[in-house]
Amino acid sequence: QETDTLDQAPSAKKWFETFNIRGYAQVRYNRLLETNPDLQCEQCDRSWGRNGGFSLRRVRIIFSGQLHERVYFYIQPDFASAPNGGNTLQNFAQLRDAYLDLGLDRASQLRVRIGQSKIPYGFENMQSSQNRLPLDRADALNSSLANERDLGAMLYWAPTATRQLFGKLVRDGLKGSGDYGVLGLGVFNGQTTNRPDQNDQQHVVARVSYPMALGKQIIEPSLQAYSGNFVVTREQLSDGVKHRPGLSYPDQRLAASFVLYPQPFGVLAEYNIGRGPEFNPATDSIETQSLNGGYVLLNYRIQYQQQQFYPFLRLQYYDGGKKHERDARSYTVREAELGLEWQPLRNFELVTMYTLSSRRFEDFQRQNNRQRGGLLRLQAQLNF
Amino acid sequence: QETDTLDQAPSAKKWFETFNIRGYAQVRYNRLLETNPDLQCEQCDRSWGRNGGFSLRRVRIIFSGQLHERVYFYIQPDFASAPNGGNTLQNFAQLRDAYLDLGLDRASQLRVRIGQSKIPYGFENMQSSQNRLPLDRADALNSSLANERDLGAMLYWAPTATRQLFGKLVRDGLKGSGDYGVLGLGVFNGQTTNRPDQNDQQHVVARVSYPMALGKQIIEPSLQAYSGNFVVTREQLSDGVKHRPGLSYPDQRLAASFVLYPQPFGVLAEYNIGRGPEFNPATDSIETQSLNGGYVLLNYRIQYQQQQFYPFLRLQYYDGGKKHERDARSYTVREAELGLEWQPLRNFELVTMYTLSSRRFEDFQRQNNRQRGGLLRLQAQLNF
Amino acid sequence: QETDTLDQAPSAKKWFETFNIRGYAQVRYNRLLETNPDLQCEQCDRSWGRNGGFSLRRVRIIFSGQLHERVYFYIQPDFASAPNGGNTLQNFAQLRDAYLDLGLDRASQLRVRIGQSKIPYGFENMQSSQNRLPLDRADALNSSLANERDLGAMLYWAPTATRQLFGKLVRDGLKGSGDYGVLGLGVFNGQTTNRPDQNDQQHVVARVSYPMALGKQIIEPSLQAYSGNFVVTREQLSDGVKHRPGLSYPDQRLAASFVLYPQPFGVLAEYNIGRGPEFNPATDSIETQSLNGGYVLLNYRIQYQQQQFYPFLRLQYYDGGKKHERDARSYTVREAELGLEWQPLRNFELVTMYTLSSRRFEDFQRQNNRQRGGLLRLQAQLNF
């Protein structure tokens, strides 16, 4: 037997008892009843619109475990990522999460999270795609952080009872966010998931979120904000677009969230304001502009024998830039979505969703571009 | 403990009892007794010929399991893939399979397969590389689908007894294909494995394959066909090559297969005809051309104590294009291979194979290119 | 249940009893007390210096096991690799090791290793990054092989008692190298990890290393050498740099190593000489030049209850080229590092290290480049 590393030591536990492996996968088809093939959304799902066929949106395998009273880890590669934006070869493995939690007390009420993890900004951003009802996150808050994550160090605090409640809200099918603390505070690079830092400054983020019982109902209001300087990279620029000399732009946001968990009727509403880089078609340049937007999601939970049904309606609005897209592309989004998630089994879910959308998305290469239309979207999800 | 996802629930089963992890790896060396370093085969094995050394042909880790009476899944990344065609950095992880099967009856005699999976076209294409005797698949049928797979939805039907037989043919070392149904019917994108769709149409495929006992022997005849429009992508084109305006070409094939399983003498024969894009050196253009070709494999199984020996001979012919290569490269292939697979242990196999080949492969950049020669090829295979 | 592959057979063992999965991850921050942001080291850690922020240096998941008395395997992807040098998208999965060991006797005293594995050249190169004290390997010997590995076949021999000692030196926290034999002999492609061969020749390597007890202390002296021809690839060249017509350069090295394992005081010293391609600023060309360099590491082990502390000091020197970098970049390195590794738990380690460095690194695009400075470096390591 090889021994080129520290032995798994005199513990009585076998390796498979010390951590878990699990995962999920999403297969989509977005072309039914489509009225406008030019209606697309790069951050949402690249297989929207013209020439899109079947696609793998996410294929995740998660290695995680409470290794020690004070040490928890979570490593999650995605196997449906593309090195070149996905126009040619797809489905390479790329990290989403890779972090460890160090408990600063025995119950890990206060803990430090080190590595690449979700930045605590927005409830829907924190909620796993495995649990979210609409197929994609709403533009208003998701435009803050491509793939929701970054590299840094976070401090989370929550009392043990609240930590248990965070767990229960996911476990019981109430579509919770998981435990990102009642209080969260962090520093991170600021260039978003899997992208190296581009300046000598860190972003800072703070969040407060408090789930509480009101009679039989549970609500969770949150406030969160982050601030830093984002560097638009040269790879993002069109030839000829004007920009600040150093390509550095302020990147600041503030958001409020409110959740009423579906027992059986639920509401999820979020709104944010801020400023950041955004392409301006009037001047052909990337400028610091203000942004704002949010959404309301109404949902209802129906349990029939072992089956779960979640009809939902989401209305969203966003006016601002997407800093991680070409020329910090400019957006105005108005969208309504009506859908149903059906879980006949714990291992399989089917989402059907009708989207009615008006999207203006403009960069240096594509100006005067407002697209309206409707489409039916389908997703089969595997949970293992 | 973190709970950012649905709990693994009140099942008594541990995670490692709900699915399996296994894998295999192939290390090759192709340069012994080589007579012509310009004799190469891009789809077969990039380490053939000039400057090729040791190489990893496949490194696979497979996550699969029957999660529920009606839900089966199979996720298989390959860790020997390359984002840029492998000329520089190699051995990245990229998906091969990622699918789930939904049983439409309790015994899953009829099931829907959703995701990226093998397209049921050709016996050798269905057979795992872990089990195949010759090191590479024959050009005639493998040219239909690079890496044998695509994204889509398939319907498979087989009676329970036949499903058990499909399993037994692999388990008993008879080199079966696995269970792709007695009847298979599907729709898929048509651009082959890990490549996004390029048009607004789907390919369709149908297959019938029926294994049956004739005395002590088992045979399996099959018929299969697919049809669609393939789009040659701009990344594939040489500067200056002529082509249809929209780069869309009909892509249609029909194949017959016959298997006599090796007890101890075996035969595997396949032939296909069709049409698709192919570079024409006479006109410097990519044109729709007809194609045809097939192969015969003779093999014999010798069991000595725990060891297995499979001597084999394969003769193949192909005349047609390879739609996924540069300029839909034009081929005429005549090849004879004589080899031996030796399995001293279940975990280790060694294949030695002598190849005598005449290959014409021409694209806009490389015309008048017919290469003949012989070489000895070696492969060590790990099974875990 | 699917059966498209050989069954896991009539063994009584479950899949999770036949092999292990384990891993480790390293998160770094290198910018504290930094005096010169132009002081960088590409091979060491790309997040040194200007614009570097938090980074994932390694995220490893290891699949390994003794499958049979005579068959051992080891497959190790890294999930913090980048296809394009890491300037844009990062954290893709790429192989480090993928090999199998075949025991030629029942105790595997003599074994053949086939696949991609560490080339037995240098003690620090063999030692896992999970166990090494300084954050990066010293330039002098690590410049021999980017990522320490290559594809080929190795023969290792060691008596059973020594194999057990190799294991114990890692298991007991003495920072051993693992078992690369008392004698090692191998052939390999020569272009280093995950890069295809570029010529029709193989490199050869030989090593002898013998750990032995002297009273209560254990020492291990080693000698090792390799020889071959390295091909500088066109992707590495700056426009305008001069070079040999075929880009092939002799690549030869000889090294001596000495270890005194820390009970409690330890010493690790290595030195190597050789020749290889190196950019020459005086002639703007890549030339065959001699190289030499080495290092001394002093360390001390303190055990306090369950905790481990390892203060260390390393002094290193290197004068020569790095064949795998742009234009075979030319280096003169003088560096002192003072650090402390603290293991409060088996699952978590923290390294703090102060580096004082003078580095000349010059290629065609960046000449007259000598950088001096100091910086404090931090690493949190997870072991699972």
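The structure contained in this document is the topic of the report that follows. Note that the structure is predicted; figures quoted are calculated from it, not measured.

Analysis parameters
- Residues numbered from 1 in each chain as written.
- Chains lettered and ligands numbered in written order.
- Predicted model: local features only at pLDDT ≥ 70, side-chain atom pairs only at ≥ 80, totals over all residues.
- Heavy atoms only, no water.
- Helix = DSSP H or I, 4+ residues; strand = E, 2+ residues; numbered from the N terminus.
- Least-squares fit on C-alpha atoms with pLDDT ≥ 70 in both.
- Contact = heavy atoms within 4.5 Å.
- 1 Å grid on protein atoms, 1.4 Å probe; cavity = no way out; pocket = protein on both sides within 12 Å on 5 of 7 lines; lining within 4 Å.
- Points joined across faces, edges and corners; volume = space filled by probe spheres on them.
- Nonpolar A, V, L, I, M, F, W, Y, C, P; charged D, E, K, R; others polar.
- Phe/Tyr/Trp six-rings, centres within 6.5 Å; stacked < 30°, edge-to-face > 60°.
- Buried < 20%, exposed > 50% of the residue type's maximum accessible area, 1.4 Å probe, protein only.
- Lys NZ or Arg CZ within 6 Å of the ring centre and 35° of its normal.
- Buried area = accessible area lost by both parts, 1.4 Å probe.
- Salt bridge = Lys/Arg side-chain N within 4 Å of Asp/Glu carboxyl O.
- Polar contact = N/O pair within 3.5 Å; in protein donor to acceptor, adjacent residues only side chain to side chain.
- Disulfide = S-S within 2.5 Å.

**Let's talk about unusual backbone geometry**
- The peptide bond linking Gln263(A) to Pro264(A) adopts the cis configuration, its omega dihedral lying at -10°.
- Within the element layout of this structure, Pro264(A) appears in the loop between β11 (248-260) and β12 (265-280).
- The residue Ala328(B) is not glycine, and still its phi comes out positive at about 50°.
- Secondary-structure assignment places Ala328(B) in the loop between β15 (307-321) and β16 (330-345).

**Some details on the relation of the copies chain B and chain A**
- At an RMSD of 0.0 Å, chain B and chain A line up after a rotation of 120° and a shift of 0.0 Å along the axis. In the structure described here, the two chain copies are related by an operation that fits a three-fold rotation axis. By C-alpha distance to the rotation axis, the residue of chain B lying nearest is Ala93(B), at 3.2 Å.
- Here only 15% of the interface residues in chain B have copies in chain A that are interface residues too; the copies meet through unlike faces.

**Quick word on empty space enclosed by the protein**
Residue and element names in this part refer to chain B.
- When its volume is computed, the largest cavity comes out at roughly 160 Å³.
- Of all the elements in the fold, those that place two or more residues in the lining of the largest cavity are β1 (20-32), β2 (55-68), β3 (71-81) and β4 (92-103).
- Counting residues per element, the lining of the largest cavity draws most heavily on β2, which supplies 4 residues.
- Class assignment for the residues of the lining of the largest cavity results in 5 nonpolar, 4 polar and 11 charged.

**A short note on the packing of aromatic side chains**
- Evaluated as defined, the whole model comprises 45 aromatic pairs over all chains.
- On the numbers, 5.8 Å between centres and 45° between planes, the contact of Trp15(A) with Phe19(A) is tilted. Exposure class is identical for Trp15(A) and Phe19(A). Each is buried.
- Each ring, one from Tyr74(B) and one from Tyr99(B), has its centre 5.5 Å from the other, and the planes form 10°; the classification is stacked. Of the two residues, Tyr74(B) is situated in strand β3 and Tyr99(B) in strand β4; the sequence distance between them amounts to 25 residues. By the burial criterion, Tyr74(B) is buried, and Tyr99(B) matches it.
- For Lys175(A), the ring lying beneath its charged end belongs to Tyr310(A), and the centroid distance is 4.6 Å.

**Some words on the interface of chain C and chain B**
- Counting from both sides, the interface comprises 47 residues of chain C and, opposite them, 57 residues of chain B.
- For the pair chain C and chain B, the summed buried surface comes to about 4,700 Å²; carbon and sulfur atoms form 63% of the total.
- The interface formed by chain C and chain B includes 1 salt bridge.
- Salt-bridge contacts for Asp200(C) lead to Arg31(B); the nearest nitrogen and oxygen are separated by 2.9 Å.
- Applying the counting criterion to the chain C and chain B interface returns 11 residue pairs in polar contact (both at pLDDT 80 or more).
- Among the secondary structure elements, those contributing two or more residues to the side of chain C that touches chain B are α1 (15-18), β2 (55-68), β3 (71-81), β4 (92-103), β5 (110-118) and β6 (149-157) of chain C.
- Grouping the amino acids of the side of chain C that touches chain B by side-chain chemistry returns 25 nonpolar, 15 polar and 7 charged.

**Observations concerning the pattern of salt bridges**
- Counted according to the given criterion, the structure contains 93 salt bridges over all chains.
- A salt bridge links Asp78(B) to Arg60(B); the nearest nitrogen and oxygen atoms lie 3.0 Å apart. Highlighted residues: Asp78(B) in strand β3 and Arg60(B) in strand β2, separated in sequence by 18 residues.
- Note that Arg326(C) and Asp363(C) form a salt bridge whose closest N and O atoms lie 3.0 Å from each other. Residue Arg326(C) is located in the loop between β15 (307-321) and β16 (330-345), and its partner Asp363(C) is located in the loop between β17 (348-362) and β18 (370-383); the two are separated by 37 residues in the primary sequence.
- By relative accessible area, Arg326(C) is classed as partly exposed at 27%.

**Examining the environment of Ala225(A)**
Residue and element names in this part refer to chain A.
- Among the secondary structure elements, alanine 225 is positioned in strand β10 (residues 217-231).
- Sequence-wise, alanine 225 and tyrosine 261 are 36 residues apart; in three dimensions their C-alpha atoms are separated by 23 Å.
- Residues in contact with alanine 225, not counting those within four places in the same chain, are Tyr121, Val204, Val205, Ala206, Arg253 and Leu254.

**A few points about the state of the cysteines**
All names here are of chain C.
- Evaluated as defined, the whole model comprises 3 disulfides over all chains.
- Note on cysteine connectivity: cysteine 41 is disulfide-linked to cysteine 44, with sulfurs 2.0 Å apart. With the S-S bond torsion at 60°, the cross-link from cysteine 41 to cysteine 44 turns out right-handed. Side by side, cysteine 41 and cysteine 44 carry an identical accessibility label, which is buried.

That's the geometry; what it means functionally is another story.
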